[in-house]
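Descriptive structure summary
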Amino acid sequence: MFRFSLQKVLDYRTQLEEQAKMELAKALHVQLTREKAVRDLREVIAVHTSALEGKTDVTPADLWLWRVYKERLEMDILMAEEDLRQAAAEVARRRDTVVARSTDRKLLDKLKSNQATRHAREESLKEQKQNDEMAVVRHGAGHGA
C-alpha cells in the first residue's frame, strides 16, 4: 500500500491555499462594495444636477448650497476612489498569494502522483517476478518427475 511521506505537508499546503482563496473572496467583496459606493456617489451628483437643471426658480442661495454640496460629494468620490484603488491592490495581492499557494500544493500533488505511479510500477514488477519464480518452480517440478 502506497503511503505519501509528505501527506501532512500536502494537507497543510492545501489548507493554506483554501485559506488564501477565502481571503481573496473577502477582498473581492470589499472591492465590489467600494465600486458600488463610487457609482452611488456619482449617481447622487447626476440626480441632483438634473433636479437643479429642471428648476425654474433657482436662487443664488440654491446655487451656493448646490455648489458646496457638489464639492463635498466630489471629495467623497475622490476618497471612495482611493479606497477602491486600495481594495483593487489588495485583491491583486490576494490573487498572487492564491497562485503561489496553489503552485506549492500542485508541486506536492505532482510529487505524490509520481511516487504513487513509481510505487505501483514497483509492486507490479515484484508481483510479476513472484509469478515468474512460481512458474519456474512449477515447470521445474513437472520436468523432474
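Note that this is a predicted model, so its numbers are computed, not measured.

Parameters at a glance
Residues numbered from 1 in each chain as written. Predicted model: local features only at pLDDT ≥ 70, side-chain atom pairs only at ≥ 80, totals over all residues. Heavy atoms only, no water. Helix = DSSP H or I, 4+ residues; strand = E, 2+ residues; numbered from the N terminus. Rg over C-alpha atoms; globule rule 2.2 N^0.38 Å. Buried < 20%, exposed > 50% of the residue type's maximum accessible area, 1.4 Å probe, protein only. Contact = heavy atoms within 4.5 Å. Areas by Shrake-Rupley, 256 points an atom, 1.4 Å probe, with all protein chains shown as cover. Lys, Arg positive; Asp, Glu negative; His and termini not counted. Charge placed at Lys NZ, Arg CZ, Asp CG, Glu CD. Salt bridge = Lys/Arg side-chain N within 4 Å of Asp/Glu carboxyl O. Patch = residues over 30% accessible without salt bridge, like charges linked within 9 Å, V, L, I, M, F, W, Y side chains within 5 Å. Core = buried A, V, L, I, M, F, W, Y, C linked by side-chain atoms within 4.5 Å.

Attention now goes to the overall build of the chain. Of the regular secondary structure elements, the chain holds two helices and zero strands. Taking 145 residues into account, the globule formula puts the C-alpha radius of gyration at 15 Å, and the chain, at 34 Å, lies well above it. By its C-alpha atoms, the chain is 125 × 25 × 15 Å across when sized along the principal axes. When burial is assessed residue by residue, the chain has 18% of its 145 residues classed as buried. Here the analysis covers contacts within the chain between residues at least 6 apart in sequence; of these, 88% occur between residues at least 24 apart. As displayed, the chain has an accessible area near 11,100 Å², and 58% of this comes from carbon and sulfur atoms. Within the chain, one finds 27 positive and 25 negative side-chain charges whose respective centroids are separated by 7 Å.

Tallying each qualifying case throughout the model produces 14 salt bridges. Taking the shortest distance from any N to any O, the salt bridge between Lys21 and Glu17 comes out at 3.7 Å. In this pair, Lys21 and Glu17 both sit in helix H1 (residues 7–54), four residues apart, roughly one turn of the helix. Relative accessible area serves as the criterion here: at 3%, Glu17 is assigned to the buried category.

A few words on a nonpolar patch on the surface. Together, Leu6, Val9 and Leu111 make up an exposed nonpolar region whose accessible area comes to about 190 Å². Along the chain, the position of Val9 falls in helix H1.

With that settled, consider the nonpolar core. Counting residues in each nonpolar core, the largest one holds seven residues, listed as Val38, Leu41, Ile45, Leu73, Ile77, Ala80 and Leu84. If you list the elements that add at least two residues to this core, you get H1 and helix H2 (60–144). With four residues, the top contributor of residues to this core is H2. For Ile45, the contacting residues outside a window of four places in its chain are Trp66, Lys70, Leu73, Glu74 and Ile77. Among the nonpolar cores identified, the runner-up in size contains five residues, and Ala20, Leu24, Val91 and Val98 belong to it.

Geometric values such as these leave the question of function open.
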